[in-house]
Amino acid sequence: GKYNILSAVSVTSTVELGSPKVADLDAGVEVEVAEIQDLPGESCTRARITDPNGWICLEDSREKTRWARNETQEEAWLR
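Model, not experiment: these values are computed from the prediction. (Residues numbered from 1 in each chain as written. Predicted model: local features only at pLDDT ≥ 70, side-chain atom pairs only at ≥ 80, totals over all residues. Heavy atoms only, no water.)

## Quick look at the overall build of the protein chain
Just so we agree on the cut-off: Working definition: helices are DSSP H or I runs of at least four residues, strands are E runs of at least two. Numbering for both runs from the N terminus. The size measure is the radius of gyration over C-alpha atoms, and the globule rule it meets is 2.2 Å times the number of residues to the 0.38 power. Only protein chains enter the accessibility calculation, which uses a 1.4 Å probe; a residue whose area is less than 20% of its type maximum is buried, one above 50% is exposed, and one in between is partly exposed. Every residue pair with non-hydrogen atoms within 4.5 Å of one another is taken to be in contact.
If you tally the helices and strands in the protein chain, you get one helix and eight strands. N-terminal to C-terminal, the α/β element order of the protein chain is β-β-β-β-β-β-β-β-α. Since a compact globule built from 79 residues should have a radius of gyration of about 12 Å, the 12 Å found for the protein chain is in line with a globular shape. For the protein chain, the C-alpha atoms occupy an extent of roughly 40 × 25 × 20 Å along the three principal directions. Split into buried and exposed, the 79 residues of the protein chain put 34% on the buried side. Counting contacts in the protein chain only where the partners sit at least 6 residues apart, residues at least 24 apart contribute 45% of the total.

## Comments concerning the state of the cysteines
The test is simple: Pairs of cysteine sulfur atoms within 2.5 Å are identified as disulfides in what follows.
Applying the stated criterion across every chain, the model contains one disulfide. Each sulfur of the disulfide joining Cys44 and Cys57 lies 2.2 Å from the other. Highlighted residues: Cys44 in strand S5 (residues 44-50) and Cys57 in strand S6 (residues 53-60), separated in sequence by 13 residues. With respect to burial, Cys44 and Cys57 carry one shared label: buried.

## Details of the nonpolar core
Note the cut-off: Side-chain atoms within 4.5 Å are what join buried Ala, Val, Leu, Ile, Met, Phe, Trp, Tyr and Cys residues into a set we call a nonpolar core.
Ile5, Leu25, Val31, Ile49 and Ile56 are the most contacted members of the largest nonpolar core, which totals 13 residues. Looking at this core, the elements that each hand over two or more residues are strand S1 (2-5), strand S2 (9-12), strand S3 (21-25), strand S4 (30-38), S5 and S6.

## Description of the side chain of Asn70
Threshold: In protein, a polar contact means a hydrogen-donor-capable atom and an acceptor-capable atom, both N or O and within 3.5 Å, with residues adjacent in sequence counting only if both atoms are side-chain atoms; elsewhere, any N or O pair within 3.5 Å suffices.
Of note, Asn70 is situated in strand S8 (residues 68-70). Residue classification places Asn70 among the buried residues on the basis of a relative accessible area of 12%. In this structure the side chain of Asn70 is engaged in a polar contact, spanning 3.3 Å, whose partner is the side chain of Tyr3. Residues contacting Asn70, with those up to four places away along its chain left out, are Lys2 and Tyr3.

Listed below in structure tokens is the structure:
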């Protein structure tokens, strides 16, 4: 689904945290999320995006930080 980037986030080459960075996204950018994964032993929920192709952190449950929000869920909530 479509997600809005809420604050600057790095796009990395693999799902693993610390993998090589391929791009940076600024707040306000819209991305298409193709897959979501929770990493075992990590508090970060990762999402595979299609353009640029790579992975971002959607949210960190330990730090209570969110980098992107699902547009569809947001629109449903506003109705």
